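Coordinates in review
In case you want the letters, here they are:
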Amino acid sequence: MSANHLDSRWDQVVRDFRQFCVLRRQERRADSELILRQSLPQSIAEWSKHDTDNAGVKKARLDAMFQQEQRRIEDACLLNELLSAQLKHEFLPVLCSSVSAIVGEELRRAGIDRDSDQRPARREPQVPAEPAPRSRVAFDDIPSVIDLLLDNDRPSPRRRQLVPN
């Protein structure tokens, strides 16, 4: 058997064990047990059948791989936890602040006034005979905000402003 073919069989053993470790780490017991009881033994048997080394060498190679892959998965999980914490505490607040500033700027550009206490009744838009004064929309009235933004996209002399409750 070619070394390439044997290497691909070994790679399958490693992939199966790695997947088992990840699933076990994710507490997906049923999936990990399926790999442990079916896929992994099958891939090990297929590799072992074609490997010409003696049983002791094969066992040592498997043991070394098991140890190495378990360390790799532990390292990857630790790195994931560290990055998640860093994203949560450093990146997310910056992102939220940036989004808030962008939304605020877009609202200002749309002529939405967040400082007014007026809250008009919701009604269907009508085409005015002559330009009407700017109407107001409550800041938390999402359907009206959407209508306002859509109105701003259409050429219309009518403009509404967003106001808080």
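Residues numbered from 1 in each chain as written. Predicted model: local features only at pLDDT ≥ 70, side-chain atom pairs only at ≥ 80, totals over all residues. Heavy atoms only, no water.

**Focus on the pattern of salt bridges**
Following the criterion strictly, the structure yields 13 salt bridges and no others. Arginine 109 is the salt-bridge partner of glutamate 106, the closest N and O atoms lying 3.1 Å from each other. In this pair, glutamate 106 and arginine 109 are both assigned in helix H3 (residues 55–109), three residues apart and thus about one turn of the helix distant. In this structure glutamate 106 comes out as partly exposed when scored by relative accessible area, which is 39%. Where salt bridges share partners, they join Glu105, Glu106, Arg108 and Arg109 into one cluster. (Salt bridge = Lys/Arg side-chain N within 4 Å of Asp/Glu carboxyl O. Helix = DSSP H or I, 4+ residues; strand = E, 2+ residues; numbered from the N terminus. Buried < 20%, exposed > 50% of the residue type's maximum accessible area, 1.4 Å probe, protein only.)

**Thoughts on the packing of aromatic side chains**
Within this structure, the stated rule accounts for three aromatic pairs. Relative to tryptophan 47, the ring of tryptophan 10 has its centre 4.8 Å away and its plane inclined at 55°; by these criteria the two rings are tilted. In this pair, tryptophan 10 is assigned in helix H1 (residues 3–25) and tryptophan 47 in helix H2 (residues 29–50), connecting sequence segments 37 residues apart. Tryptophan 10 sits in the buried class, given a relative accessible area of 10%. (Phe/Tyr/Trp six-rings, centres within 6.5 Å; stacked < 30°, edge-to-face > 60°.)

**What to know about the side chain of serine 43**
Counting through the fold element by element, serine 43 comes out in helix H2. At 2.8 Å, the side chain of serine 43 and the side chain of aspartate 16 are in polar contact. In contact with serine 43, other than residues within four places in its own chain, are Gln12, Val13 and Asp16. (Polar contact = N/O pair within 3.5 Å; in protein donor to acceptor, adjacent residues only side chain to side chain. Contact = heavy atoms within 4.5 Å.)

**Description of the environment of glutamine 70**
Along the chain, the position of glutamine 70 falls in helix H3. The exposure class of glutamine 70 is partly exposed, given its relative accessible area of 37%. Remark: the alpha-carbon pair of glutamine 70 and phenylalanine 20, spanning 50 residues in sequence, is separated by 10.0 Å. Apart from residues no more than four positions distant in its own chain, glutamine 70 is found in contact with Phe17 and Cys21.

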